[in-house]
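# Summary of the model geometry
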Amino acid sequence: MMLLGKKIGMTQVYDENGRICPVTVVQAGPCTVLQVKTTQSDGYNAVQMGFEDVKPSRVKKPAEGHAKKAGAMAKRFVREWRLNDKQPQCKPGDAITVAGFEGVKTVDVVGTSKGKGFAGTMKRHAFGGFPASHGTERKHRAPGSQSGHGTDRGHGGNIKKGKRMSGHMGHSTVTTKNHKLISVDAENNLLVIKGAIAGPNGGYVIVKAGKSAVG
Amino acid sequence: MKNQLLEKVAAKSQKQTLPKFKIGDTVDVHCLIKEGEKERVQIFNGTVISRRGSGISETITVRRIVNEQGVERIFPLHSPNIVDIKPVRSGRSRKAKLYYLRDRVGRSTRLKDEHTDQSDGTKE
């Protein structure tokens, strides 16, 4: 089971033992099936679904035409649900809702993390930096030396590949797995998921049924 | 918490009505304690010195003196384990947070009763 949605925000609920449980609320679906791919037609089985309509004036013609085949408006967030060996059970134009998550114990959530811009090594890779005093001058948050003879054997005086440095941080795809699914609200299309998921409120997320059977 | 959908989710584990009391009041907090299979109610008596948060995350801090040692407990108001909060004695306070009580000992920790305060005024 897979569904596209939007992170609404975090709140708390009490579980059956009276303990506070931090939860993230995701408004998931209803998603429209835009295209069904099978081994015969495309070489693999998948369901392409879209979430949230876009105004026709804001969308390119091919996207509009693609959605029209399913009898739907163009969608803002379109992703594929790979089915591997299973045969797709739906047809274009069908709606997929949170009702499919009924009975699911855990979920995996794919989101896009908040962008942090160009970040230094202390923030990006949790480097230690340098002391605040004891003679340290102008390099309190510096990354230190990049390479040396001892660590650089056989690299011809170059920095090793993958050396952790400053750079762009965040705004990357982050998957968090095995979130307990607390409740499903079919009326408001809500999934209540335990714990935090990546991204800002209002960010688009993909929710998949988890593989672990144990809640 | 402004989002209506978030409020809807939280409302399911929220209490409909909360007991009425003020900052400075002495209250009995009835909390449910589970010991294995058994359940019993324990009462924590003390002065409400702060109330913070909103909605489901609202909490109160209750302070009392045990063996000349100050003890503070923080109770989430909407917790199902907090069965009841009964005001025992009202206390007059001019501040929302009574953290100054932490620096006081003995009689000075007592707050004037709201009602006796009024009667004192009429006597003279």
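Residues numbered from 1 in each chain as written. Chains lettered and ligands numbered in written order. Predicted model: local features only at pLDDT ≥ 70, side-chain atom pairs only at ≥ 80, totals over all residues. Heavy atoms only, no water.

## Considering the sheet that holds strand S7 (residues 106-112) of chain A
Here we have six strands rolled up into a closed barrel, ordered S1-S2-S11-S10-S7-S12 (chain A), and antiparallel in their pairing. If you compare each strand with its neighbour and ignore which way they point, the axes differ by 50° on average. Pairing between strand S1 (residues 2-14) of chain A and strand S2 (residues 20-28) of chain A: nine bridges, direction antiparallel. Pairing of A:Val13 across the sheet is with A:Cys21, part of S2(A). The sheet contacts of helix H1 (residues 4-11) of chain B involve S1, S2 and strand S11 (190-194) of chain A, and relative to S1(A) the element is tilted by about 55°. (Pairing = 2+ DSSP bridges. Helix = DSSP H or I, 4+ residues; strand = E, 2+ residues; numbered from the N terminus. Axes fitted to C-alpha atoms, helices over the stretch in contact; angles between N-to-C directions. Contact = heavy atoms within 4.5 Å.)

## Digging into the packing of aromatic side chains
All names here are of chain A. In the structure shown here, the tally under the stated rule is three aromatic pairs over all chains. Ring plane angle 20° and centroid distance 5.0 Å describe the contact between Phe-77 and Tyr-204, whose orientation is recorded as stacked. Linking Phe-77 in strand S5 (residues 75-84) with Tyr-204 in strand S12 (residues 204-209), this pair joins segments that are 127 residues apart in sequence. Taking relative accessible area as the criterion, Tyr-204 reaches 25% and is therefore assigned partly exposed. Through successive ring pairs, a cluster of aromatic residues spans Phe-51, Phe-77 and Tyr-204. Directly above the ring of Tyr-44 sits Arg-82, whose terminal nitrogen or CZ lies 4.1 Å from the centroid. A cation sits over an aromatic face here: Lys-139 above Phe-130, 4.8 Å from the ring centre. (Phe/Tyr/Trp six-rings, centres within 6.5 Å; stacked < 30°, edge-to-face > 60°. Buried < 20%, exposed > 50% of the residue type's maximum accessible area, 1.4 Å probe, protein only. Lys NZ or Arg CZ within 6 Å of the ring centre and 35° of its normal.)

## Thoughts on the interface of chain A and chain B
Opposite the 16 residues of chain A that make contact, chain B presents 17 residues. When chain A packs against chain B, the two sides together hide about 1300 Å² of surface, and 66% of this comes from carbon and sulfur. Where chain A touches chain B, the interface holds zero salt bridges. Here the side of chain A that touches chain B takes seven residues from S1(A), the largest share from any one element. (Buried area = accessible area lost by both parts, 1.4 Å probe. Salt bridge = Lys/Arg side-chain N within 4 Å of Asp/Glu carboxyl O.)

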